[in-house]
Amino acid sequence: MAITGHLVEFSLAEIFQFLEQGHKTGLLTIFEQPEPEPPRGREHYIWFNQGRVVAAANRSDHRGLISSLSQRGLLGDRAASRLAQSCGPKVPLGLYLKSQGILDAEQLKLLFYTQVMRQVCALFSVVDGWFHFDSKAVLPCDEMTGLSAPATEVTLAGLRALRNWSTLEDKLPDPMSTIVALVEGQPNLRLNAVEWQVWEFTGGKDSLQTIAQHLQLPIHKVQEIVFRLNVVGLLEEVPMMVLEAETTHQHDEEDELQPTSSLHDSTVSQSFLNNLVSFLKHKV
Amino acid sequence: MEIMRLVVTGPVGAGKSTFIRSVSEIDVVDTDRRATDEASLLKPKTTVAFDFGRLQFSPDMALHLYGTPGQARFDFMWDILIRRAHAYMLLVAAHRPREFHYARRILSFMQRRSRAPLIIGLTHTDQPGTWDEENILIALGFPNPDRHPPIVSVDATEAGSVAVAIMTLLQHYSQVQQRNVEQPAPHR
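Summary of the structure given here. (Residues numbered from 1 in each chain as written. Chains lettered and ligands numbered in written order. Predicted model: local features only at pLDDT ≥ 70, side-chain atom pairs only at ≥ 80, totals over all residues. Heavy atoms only, no water.)

Let us look at the packing of aromatic side chains. Where two aromatic rings form a pair, the distance of their centres and the angle of their planes describe that pair. In the structure shown here, the tally under the stated rule is 13 aromatic pairs over all chains. With 6.2 Å between their ring centres and 25 degrees between their planes, tyrosine 45 of chain A and tryptophan 47 of chain A make a pair best called stacked. Residue tyrosine 45 of chain A shares its accessibility class with tryptophan 47 of chain A, and that shared class is buried. Ring geometry for phenylalanine 272 of chain A against phenylalanine 57 of chain B: centres 5.1 Å apart, planes inclined by 80 degrees, an arrangement best described as edge-to-face. Of this pair, phenylalanine 272 of chain A sits in helix α11 (residues 270-281) while phenylalanine 57 of chain B sits in strand β5 (residues 51-58), placing the two residues on different chains. Of the two residues examined, phenylalanine 272 of chain A and phenylalanine 57 of chain B, each falls in the buried class. (Phe/Tyr/Trp six-rings, centres within 6.5 Å; stacked < 30°, edge-to-face > 60°. Buried < 20%, exposed > 50% of the residue type's maximum accessible area, 1.4 Å probe, protein only. Helix = DSSP H or I, 4+ residues; strand = E, 2+ residues; numbered from the N terminus.)

Here it is as structure tokens:
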């Protein structure tokens, strides 16, 4: 399966949500260019395993991790290449180096943070770009530390750092809507202070506008927070119902739309369904 | 007169009006009208619109089709429509991932307001860049391949295709009714 699209159409946050929820494995390539056709601009590669981010690179020769090791003075370029060759075909290079006593757990974490969190988070600011996801791509052990992060965690960090929200403008929640939690109890992701404050309002009673007033925040800030907590699956936006259907008084000519309780639970008879199906079959 | 009310919802451009027009025996009524008193308090100048189509197939039986308003941020008319619906269909343009997020919001809204049976209708499936069913379901929040509403491809311009989609919805409605009879819900 391959999916291609423009980031304006389907944002990186939505892609990550899709890949995580679908437990997708494969390679996501981000092209920093306005059109999908060559000449190609800068390319970025993010590998997923079962919906988790396992590696990222901005080069296609699978030498990103080796280069990073060398830049940090952890291992010479040549030594790293030699060790990479002796590493088994299905063993992530990072884990192999740890098993050889060349890296410790902290160094591995730092490598992963630099490779994935820092690199991928920066991609959330790519405005004019294309994406391509290839589920048949093989995971590159040479680029893998052996660590992984849920896509939601990366999304949260990426959207926190995002300054230009213009491409997500039409996806931001309505200021007049409210929010409800999608998880029971506490969020399973680490929230920052202001996210926590917004989270406290997930009772479905206050509009975003009201929340913004309570927290003395600009409404767009609250909308951005709600958007990011939504794409990571913590809460959802629900339109605020200022008009309860039961008390609605419609015009007489809209009799059919009168929400009366007697009709609310009405069902349609089986003979009705049978007749309708027979009728529709003639249209096919 | 026995009437069944089906609601056709979905993002703008998914094909709701075309869908209803394809099968309605009357000219589809685009009911542009002023908002009601309560709504006008909120938005004095709001006008809302929904499509209405009808199919009378027996002297005392008729199918009513309602298309939800096109406005992206308008919800009270949706509420009225969905609360009255026997069943509904979410139309999604399969080649327009930009709208998946909004389709998901509609779905979330509908499911909070109604327990009416739902199916998903995919339109524009012959267009370049079309996503496949499995991926659209994930994007709409149904990652589990064994737990999702029925999904059907539909050409909203073809009466035959629309008829098939409605029959799928009727079949699903019938199954849900049957299930409810066998295992009544504790409360609505």
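This part covers the sheet that holds strand β8 (residues 203-207) of chain A. All names here are of chain A. If you walk across this open sheet you meet the 3 strands as β8-β7-β9, and the pairing is antiparallel. Two strands in the sheet have a free side with no partner beyond their single neighbour: β8 and β9 (235-238). The mean inter-strand angle of the sheet, taken between neighbouring strand axes irrespective of direction, is 25 degrees. For strand β7 (residues 178-181) and β8, the ladder comprises 2 bridges, and the chain directions are antiparallel. Each residue of the ladder has a partner; that of valine 180, found in β8, is glycine 203. Contacting β7 and β8, helix α8 (residues 208-215) runs over the sheet at an angle of about 80 degrees to β8. (Pairing = 2+ DSSP bridges. Axes fitted to C-alpha atoms, helices over the stretch in contact; angles between N-to-C directions. Contact = heavy atoms within 4.5 Å.)

As a further point, take the sheet that holds strand β6 (residues 149-150) of chain A. Residue and element names in this part refer to chain A. Strands sit in the order β1-β5-β2-β3-β4-β6 across an open sheet of 6 strands; the sheet is antiparallel. Unpaired on one side and paired on the other, β1 (2-6) and β6 mark the two borders of the sheet. In this sheet, strand β4 (residues 52-57) lies alongside strand β3 (residues 42-49) in antiparallel orientation, the contact comprising 5 bridges. Opposite phenylalanine 48, over in β4, you have valine 53 as the bridge partner. The strands touched by helix α1 (residues 12-21) are β1, β2 (26-32), β3, β4, β5 (130-134) and β6; relative to β2, the strand with the most contacts, the crossing angle is about 175 degrees.

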